[in-house]
Amino acid sequence: MAILGKIRQRSFILIVIIALALFSFVLADVIQSGGFSQSSTNVGSVNGEDIAFENFRIKVANTEKSGQGMSTTQAVNRVWEQEINVALLSEELEKLGIRISEKHLIETLKADQNFGQNPSFQNELGQFDINKYRQYIKSSKSPEEIQYYESIEENANINAKYQIYGALVKSGYFTTQNDAKFKYNMENNKVTFDFVAVPYSSIKDSEVTVSDKELLDYMKKYPKKYKADETREIEYVIIEDKASEADKIEIKNKLTSFLSPRVVYNAATAKNDTLPSFAATSNTIEFVNANSDFPYDSTYLAKSDLPAEFAETLFNLPEGQVYGPYVYGDYYALSKSMGRKAGAKARASHILISFTGSRAQPKEDRTKDEAKVKAEGILAQINANPDSFTSLALTTSEDQGSAQRGGDLDFFGPGQMVPAFNDFVFNNGVGKVGLVETEFGYHIIKVTDKQDAIRLATIAQKIQASEKTAEGAYANAVKFEMAATEKSFETAAKEQKLTIEPSLRVKILDEMLGQAGPQRQVIRWAFEKDTDVNDVKRFEIPKVGHLVARLKKINEEGFLAIEEARLQVEPILKNKKKAEKIIAKMKGASLDAIAKSNAVQVQNAPDVTLETPVVASAGFEPKVVGVAFATPVNKLSAPIEGNGSVFVIKTTNRTDALPTMNYGNQVNALNSQNASALGRVFPALKEKAKIKDNRFQFNY
């Protein structure tokens, strides 16, 4: 890709580089500092069994190195979950006395392609050799590498036992005849009833109030459901370290100076040298490399590859002439035309017929000769009817990606395709159709278009803050930090015309801080013992500037904060109070009388089942349907507090399912539910376990 294309990607590349550098710095700090504050030497414990820091640190490092693009926080959290699951499973395996043989362990290792197929661990016959594997571990010099391979064997051991454990759990779940019969009746017993429904929304929210005490009392009834972790509320301002207008002018002027000859002092000769302009230089490549953030790129560019707003000008720039400076993304650029090339970009369509053993997977087994015969047959059809190319590509091509586009491969440059394919396209004119063999199979190729392209020499310099501007941003951040400490955060922000971001509630192990992104350092500070409410601190954010945070509130562990409880619990309690008001008016000897006194209509719900307790026009109402099955025919029920309304019903008909001895569908459905039983084991074990979490003390 040419320089202009690289500029397009530059912002993302810089972010990735910065992120990797940060993660390396954080990990180095973990390793050098020991990873913990003085209050603990373990990451945590599970049922009294400690999770040692050193092993945990190595596993986090190996997880980060796995190439999955996760942050240190994500790696820590993943390893933590793995450690909990392994500890809980190991405890269960020990209780059950599950053991595996050496042979079982070897088979488990062999099944892992990273080890079973690793030449370092194979004997002369190409088979996995457990002795070679263990000898390799002993010869490893790095503690991380030794621990990595030992953990692999440990995991293989546990996985082998887990297979046995899983088989035991699954065998404990089975479907009886009575289970299937019960489900059959749930699906086929039907009830029809008339009902009156007065929705909760018929009473305004303003007519009922819920006190803080009522919210708290309700949460105490369901402590697990409304339990809240310890949290901190943080607000912050960002003072950006970005280029000023003066910085932009300075960068633009620097590029503008390249348009004319320049006089510079030569320290080696102690004389002034006159340097040629960008247009007049005899060594354009050297000129670009000496003055641009990107090295010279010789790629030819089609008009579509150029910045849209400058494409026409740049594409038609005469050879040797210079255009700019112009702004492209975060850069000022100066471009010089290095000439035009006819047909530098080509567009083609193809139909691929592969064969067994080729790099592309054929739709059916066929030999190379059979593939060639088939390809020649398709070529003959196209020669006879050129308009059939698209439809034949859709139905016969084994390149699924291009087949969906009628074989179209869009534009590409020389060298982007395999040699034989490339040569055919660039050595033939538009409209030419032919057959070519490559390692992927046989291609019927049609050259559909060609484009001229230009080569540009581009000097690009990033628009960024000067040292003076950066120092100014730092001074402003320090000034704000001091003012916010002495005055209120709001007053200091108002005086410096800064925007305070909405406060955020974070947990002790969170990483993200709203729009500011990953800011683990800020969250860690907020939870430190020495940090009090209204404390203010400044943090540097590389390539952004400065973040000044204030700890706004501390929410201790317990129940949900009242303001959050109001969002979740208040609607429930309001509906209960509304129900009392509605029930007080639901008087009458018949549904018609009750409906009239509440200004609603009597409705009918025909053939409803317990399996699908949906009431027409009222929605999902299992309690109402349950009462309908339990109420004698033609008798009014008491008021029922449903999900969306208060109901009074009268059952008019109840039909029992026809007797049967064939419960096959029900058995299959219940067996399918039972198949997920193993997935419920770890949540159940975790709920019962005593888990101590010291991850916060881990410096990440």
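Note that the coordinates shown come from a computational prediction; the quantities given were computed from them, not determined experimentally.

Rules used throughout
Residues numbered from 1 in each chain as written. Predicted model: local features only at pLDDT ≥ 70, side-chain atom pairs only at ≥ 80, totals over all residues. Heavy atoms only, no water. Helix = DSSP H or I, 4+ residues; strand = E, 2+ residues; numbered from the N terminus. Rg over C-alpha atoms; globule rule 2.2 N^0.38 Å. Buried < 20%, exposed > 50% of the residue type's maximum accessible area, 1.4 Å probe, protein only. Contact = heavy atoms within 4.5 Å. Areas by Shrake-Rupley, 256 points an atom, 1.4 Å probe, with all protein chains shown as cover. Lys, Arg positive; Asp, Glu negative; His and termini not counted. Charge placed at Lys NZ, Arg CZ, Asp CG, Glu CD. Phe/Tyr/Trp six-rings, centres within 6.5 Å; stacked < 30°, edge-to-face > 60°. Axes fitted to C-alpha atoms, helices over the stretch in contact; angles between N-to-C directions. Parallel < 35°, antiparallel > 145°, perpendicular 65-115°, else oblique. Nonpolar A, V, L, I, M, F, W, Y, C, P; charged D, E, K, R; others polar. Expected span 1.5 Å × (residues − 1). Arc of directions from axis to C-beta. pLDDT = per-residue confidence, 0-100. Pairing = 2+ DSSP bridges. Core = buried A, V, L, I, M, F, W, Y, C linked by side-chain atoms within 4.5 Å.

1. Some points on the overall build of the protein
In step 1: Broken down by element type, the protein carries 25 helices and 23 strands.
In step 2: For 700 residues, the compact-globule estimate of 2.2 N^0.38 gives 27 Å, and the protein exceeds it by more than 25% at 36 Å.
In step 3: Once the C-alpha set of the protein is aligned to its principal axes, its extents read approximately 110 × 85 × 70 Å.
In step 4: Split into buried and exposed, the 700 residues of the protein put 40% on the buried side.
In step 5: When contacts within the protein are restricted to residue pairs at least 6 apart in sequence, long-range pairs at least 24 apart make up 67% of them.
In step 6: With the model as given, the accessible surface of the protein reaches about 38700 Å², and the carbon-plus-sulfur share is 51%.
In step 7: Both charge centroids of the protein, one from 87 positive and one from 89 negative side chains, sit 3 Å from each other.

2. With respect to the packing of aromatic side chains
In step 1: Per the counting criterion, the structure on display carries 19 aromatic pairs.
In step 2: Ring centres of Phe195 and Phe647 lie 5.8 Å apart, and the angle between their planes is 50°; this geometry places the pair in the tilted category. With Phe195 in strand 3 (residues 190–199) and Phe647 in strand 22 (residues 645–655), this residue pair connects regions lying 452 residues apart in the sequence.
In step 3: The exposure class assigned to Phe195 is buried, which follows from its relative accessible area of 0%.
In step 4: Joined through ring pairs, the aromatic side chains of Tyr162, Tyr165 and Phe682 make up one cluster.

3. Here we look at the side chain of Glu64
In step 1: Among the secondary structure elements, Glu64 is positioned in helix 2 (residues 53–64).
In step 2: Take Glu64: its relative accessible area is 16%, and that puts it in the buried class.

4. What about the packing of helix 13 (residues 368–384) against helix 14 (residues 389–396)?
In step 1: Running from amino to carboxyl end, helix 13 crosses helix 14 at an angle of 155°, the nearest separation of the two axes being 10 Å. Taken together, helix 13 and helix 14 sit at an angle that is classed as roughly antiparallel. Residue-level contacts link Ile378, Gln381 and Ile382 of helix 13 to Phe389, Leu392 and Thr396 of helix 14.
In step 2: Split into classes, the residues belonging to the contact of helix 13 with helix 14 amount to 4 nonpolar, 2 polar and no charged.

5. Side note on helix 13
In step 1: If you check helix 13, its first and last C-alpha atoms are 24 Å apart, about what 17 residues at 1.5 Å a residue would give, namely 24 Å.
In step 2: Those residues of helix 13 not exposed but buried are Ala371, Ala375, Ile378, Leu379 and Ile382. For helix 13, the angular spread of the buried residues around the axis is 105°, confining them to a single face. Away from the buried face of helix 13 by more than 90 degrees, exposed residues Asp369, Val373, Asn383 and Ala384 are located.

6. Points about the confidence of the model for the protein
In step 1: In this model, the protein carries an average pLDDT of 88, and 93% of its residues clear a pLDDT of 70 or more.
In step 2: Across residues 6–38 the pLDDT falls below 50, and counting only partners more than four positions away or on other chains, this stretch makes 48 contacts in the model.

7. Focus: the sheet that holds strand 1 (residues 42–46)
Within a beta sheet, neighbouring strands are joined by backbone hydrogen bonds and run either parallel or antiparallel to one another.
In step 1: An order of 2-1-23 is seen for the 3 strands of this open sheet, with the pairing classed as antiparallel. Two strands lie at the open edges of the sheet, namely strand 2 (49–52) and strand 23 (691–693), each paired on one side alone. Mean inter-strand twist for the sheet, computed between neighbouring axes without regard to direction, equals 20°.
In step 2: Contacting strand 1 and strand 2, helix 2 runs over the sheet at an angle of about 50° to strand 2.
In step 3: Against the sheet, helix 3 (residues 72–96) touches strand 1, strand 2 and strand 23, its axis set at about 35° to strand 1.

8. Here we look at the pairing of strand 16 (residues 545–555)
In step 1: When you tally the buried positions in strand 16, you get 8 out of 11 residues, the bulk of the element.
In step 2: Relative to strand 16, strand 5 (residues 231–240) runs antiparallel, the two sharing 10 bridges. What sits directly across from Glu240, in strand 16, is Gly545.
In step 3: In the sheet, strand 15 (residues 536–541) pairs with strand 16 via 6 bridges, with the strands oriented antiparallel. Bridging across to strand 16, Glu540 finds its partner in His546.
In step 4: Two successive antiparallel strands, strand 15 and strand 16, enclose a turn made up of 3 residues, where Lys543 displays a positive phi of approximately 65°.

9. Looking at helix 2
In step 1: With 12 residues, helix 2 should cover 16 Å at 1.5 Å per step; its first-to-last C-alpha distance of 16 Å lies within 8% of that length.
In step 2: The buried count for helix 2 comes to 10 of 12 residues, which makes it a mostly enclosed element.
In step 3: For helix 2, the full list of buried residues reads Phe53, Phe56, Arg57, Ile58, Lys59, Val60, Ala61, Asn62, Thr63 and Glu64.

10. Details of the nonpolar core
In step 1: In terms of nonpolar packing, the biggest core is built from 24 residues, with Phe56 and Tyr165 touching the most fellow members.
In step 2: Those elements that provide at least two residues to this core are strand 1, helix 2, helix 3, helix 7 (143–171) and helix 25 (681–688).
In step 3: Per-element tally for this core: the top contributor is helix 3, with 8 residues.
In step 4: Sequence-distant contacts of Tyr165, that is, excluding residues within four places in its chain, are made with Leu89, Glu92, Leu93, Leu96, Ile98 and Val681.
In step 5: Core analysis: the next-biggest nonpolar cluster, separate from the first, contains 15 residues, Ile523, Ala526, Phe527 and Ile541 among them.

11. Some points on the environment of Glu501
In step 1: Mapped onto the elements, Glu501 comes out in strand 14 (residues 501–507).
In step 2: Counting along the chain gives 264 residues from Glu501 to Val237, while the straight-line C-alpha distance between them is 6.1 Å.
In step 3: Contacts of Glu501, omitting those with residues within four sequence positions, involve Glu235 and Tyr236.

12. What about the sheet that holds strand 22?
In step 1: What the 4 strands build is an open sheet, ordered 18-3-22-21; its pairing is antiparallel. Both outer strands of the open sheet, strand 18 (603–608) and strand 21 (640–641), are each paired with one neighbouring strand and no more.
In step 2: Pairing analysis gives 2 bridges linking strand 21 to strand 22, with the strands arranged antiparallel. Looking at strand 22, one finds that Ile640 is bridged to Phe647.
In step 3: Along the sheet, helix 23 (residues 622–630) makes contact with strand 3, strand 18, strand 21 and strand 22, crossing strand 22 at roughly 40°.

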